[in-house]
Amino acid sequence: MMALLLTYTPSRAQGISGDVIKIGIMNDQNGPYADNCGLGSVAAAKLAIADFGGTVGGKKIELVIADDQNKPDVGVAIAMRWVDNEGVDAIVGCSASSIALAVQDIMKNRKKPYMLAGTAGSFFTNDKCSPMTTQWVVDTYAQPKATVKALLAQGVDSWFFLTVDYAFGKAWQADATKFIEAGGGKVVGSVLHPLNASDLSSFLLTAQASGAKAIALANSGADFANAIKQAQEFGLTKSQLLVPLGLMISQTHGIGLKDLQNVRLTTPFYWDMTPESRAFAKRYAEATNGQLLNEGKSATYSAITHYLKAVAAAGSDDGDAVMRQMKNTPINDFEMKNVSIRADGQVMRPLYVARIKTPAESKYTYDYYEITGTIAPDDAWRPASESACDLLKSQ
C-alpha cells in the first residue's frame, strides 16, 4: 500500500478529524479488472486532489491505495484497518460487487462515504442501498436496459447468458432477463463461469448449441475479452450475436476494433465528446504515459472532486454532514453538468448510445465510438417507484 501526501498549508478549517482529509482508493490492481480502474484510477485521484489545491481549508489531503486482489476478506480487512485505525474518511471503490457489499456495510456502520466508481451491481441503489453509498458509473439495471430494448426492436428475441459466477454477473443477468421477458423475448438458457477463467470453450459451445439469436455476456475485464476472442475462434458470430451488457472503453482498446466493430453499447462517458472532456483526457494521458481515460477513471476524478467540495462546504469531514452536502449540491465538472445525486445514492447522469467504429473509420488514437443517441436520466436509471430502497420511500 502506498500513500501520497500533497500540499500542506497551515490549519484553518474546523471539524476535520485528525487535521487531515484521508481518501482511500481500493480496487483490483493486478487481476482481471485492473484495466477497468487499477492504478489508472489512482492517477485520476491524484489529478483531482492536485486540481483542488492539495488542501481543504488549510487541511492536507492524503491518498491511500490498496489492491483488494478480488478477495472479499482482503477488501474487508483493508476497509476496517483504514477506517478504524488509520483515519480514512472516505473510500472510492472499483471492486467486485461481493467485496463492495461487505465494504459498504463497514462504511454504513462507521458513517463514512463510499463512492462506487466502477462497481456495477444494481442492488447498491435498490434493496441494499445505504445512506453512505453513491453510484457514479453505471449499474446492471441501466446499462443492459437500453441494449436489450434496442435489440428486441430488431427481432432479436431469444437469448442465452454467459455469466460470471458471483454477485455482479448474477445481478446483471437477472436485470437483463426482466427487460427481455417484459419486451416479449425469451431466455433459452444460461451458464455460469468462474471469475478470471482463461478457457471458456465449453461454456461458449453450450451457448452456441442453444441456438439463441443473442449470447449475452454478463461479465467484464479479462473474462469479457476472453469470451469475445474465443467466440470469434469458434465462429459463433457467423450465426449468433454477441451482446456485451457492460463494456468499458479500455476493454474495447484491449480487444480491438476488428473483433468489436459495429457492436452497440450504452456508456456514461466517452472521452471524445466535448472540448472539456478532450482537454481532460489529454491531461490524463500526459500524467499516465498515454493511458486511455475510461469510464471508471473519469468517475473517480468526479467523485473525489465532488466529495472535496462537500467537505469544504460543510467545514467538516463528518460522514453524515458530507453526504447531505453531496446530495444537496449538483455535480459540475468536465464530464457532468448540473447532475444530481438521488436519495438512494444514484448519480442521475445521462447515458449515451454508441456504436463501435470499424478499423477504417477510426482516424486517430482512441477514436473508437460514434455516439448515436442520448438517454435522459429518468429513462436510464431504475424509477423510484420500482425501487426497494427505503431511502427513496422516506422522501
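Residues numbered from 1 in each chain as written. Predicted model: local features only at pLDDT ≥ 70, side-chain atom pairs only at ≥ 80, totals over all residues. Heavy atoms only, no water.

Going by an unreviewed UniProt entry, the chain carries the name ABC transporter permease and comes from Bradyrhizobium nitroreducens.

Draft legend 1. A look at helix H7 (residues 221-234). Its 14 residues place the ends of H7 20 Å apart at the C-alpha level, agreeing with the 20 Å of an ideal helix rising 1.5 Å per residue. Those residues of H7 lying buried are Gly221, Asp223, Phe224, Ala225, Ala227, Ile228, Gln230 and Ala231. Of the residues one or two after H7, Gly235 is the one with positive phi, at around 75°. (Helix = DSSP H or I, 4+ residues; strand = E, 2+ residues; numbered from the N terminus. Expected span 1.5 Å × (residues − 1). Buried < 20%, exposed > 50% of the residue type's maximum accessible area, 1.4 Å probe, protein only.)

Draft legend 2. Geometry of empty space enclosed by the protein. Across all of its chains, the model carries 1 cavity of 30 Å³ or more by this definition. Estimates place the volume of the largest cavity at around 240 Å³. Taken together, 22 residues line the largest cavity, and the ones lying closest to its centre are Asn36, Gly118, Ala120, Ser220 and Met248. The residue inventory of the lining of the largest cavity, partitioned by class, reads 12 nonpolar, 9 polar and 1 charged. Residue assignment places the lining of the largest cavity across two domains, with domain 1 (20-138 + 274-349) and domain 2 (141-267 + 351-380) each supplying three or more. (1 Å grid on protein atoms, 1.4 Å probe; cavity = no way out; pocket = protein on both sides within 12 Å on 5 of 7 lines; lining within 4 Å. Points joined across faces, edges and corners; volume = space filled by probe spheres on them. Nonpolar A, V, L, I, M, F, W, Y, C, P; charged D, E, K, R; others polar. Domains from an automatic or database assignment.)

Draft legend 3. A look at the nonpolar core. Formed by 84 residues in total, the largest nonpolar core has its most connected members in Ile23, Trp136, Ile304, Tyr307, Leu308, Met326 and Tyr369. Take this core: its biggest share by element is 8 residues, from helix H11 (residues 295-314). Mapping this core onto the domain boundaries places at least three of its residues in each of domain 1 (20-138 + 274-349) and domain 2 (141-267 + 351-380). When sequence neighbours within four positions are dropped, the list of residues in contact with Met326 reads Met115, Trp136, His306, Tyr307, Ala310 and Ile341. Core analysis: the second largest hydrophobic core is formed by 42 residues, Ala66, Val103, Met107 and Trp172 among them. (Core = buried A, V, L, I, M, F, W, Y, C linked by side-chain atoms within 4.5 Å. Contact = heavy atoms within 4.5 Å.)

Draft legend 4. Inspection of the domain arrangement of the chain at higher detail. The domain architecture assigned to the chain consists of domain 1 (20-138 + 274-349) and domain 2 (141-267 + 351-380). Using C-alpha coordinates to define each centre, domain 1 is positioned 26 Å away from domain 2. Residue-level contacts link 22 residues of domain 1 with 26 residues of domain 2. Of the roughly 2,000 Å² buried between domain 1 and domain 2, counting both surfaces, carbon and sulfur atoms make up 66%. At the junction of domain 1 with domain 2, the criterion picks out 9 residue pairs in polar contact (both at pLDDT 80 or more). Going through the elements one at a time, helix H3 (97-110) and H11 are the ones with two or more residues in the side of domain 1 that touches domain 2. Classifying every residue of the side of domain 1 that touches domain 2 by side-chain character gives 9 nonpolar, 10 polar and 3 charged. (Buried area = accessible area lost by both parts, 1.4 Å probe. Polar contact = N/O pair within 3.5 Å; in protein donor to acceptor, adjacent residues only side chain to side chain.)

Draft legend 5. A look at the pairing of strand S4 (residues 59-67). Most of S4 is tucked away: 8 of the 9 residues are buried. Strand direction decides the pairing type here: strand S2 (residues 20-27) and S4, joined by 8 bridges, are parallel. For Gly24, the partnering residue across the bridge sits in S4 and is Val64. In the sheet, strand S3 (residues 55-56) pairs with S4 via 2 bridges, with the strands oriented antiparallel. Within S4, the position partnered with Thr55 by the bridge is Lys60. (Pairing = 2+ DSSP bridges.)

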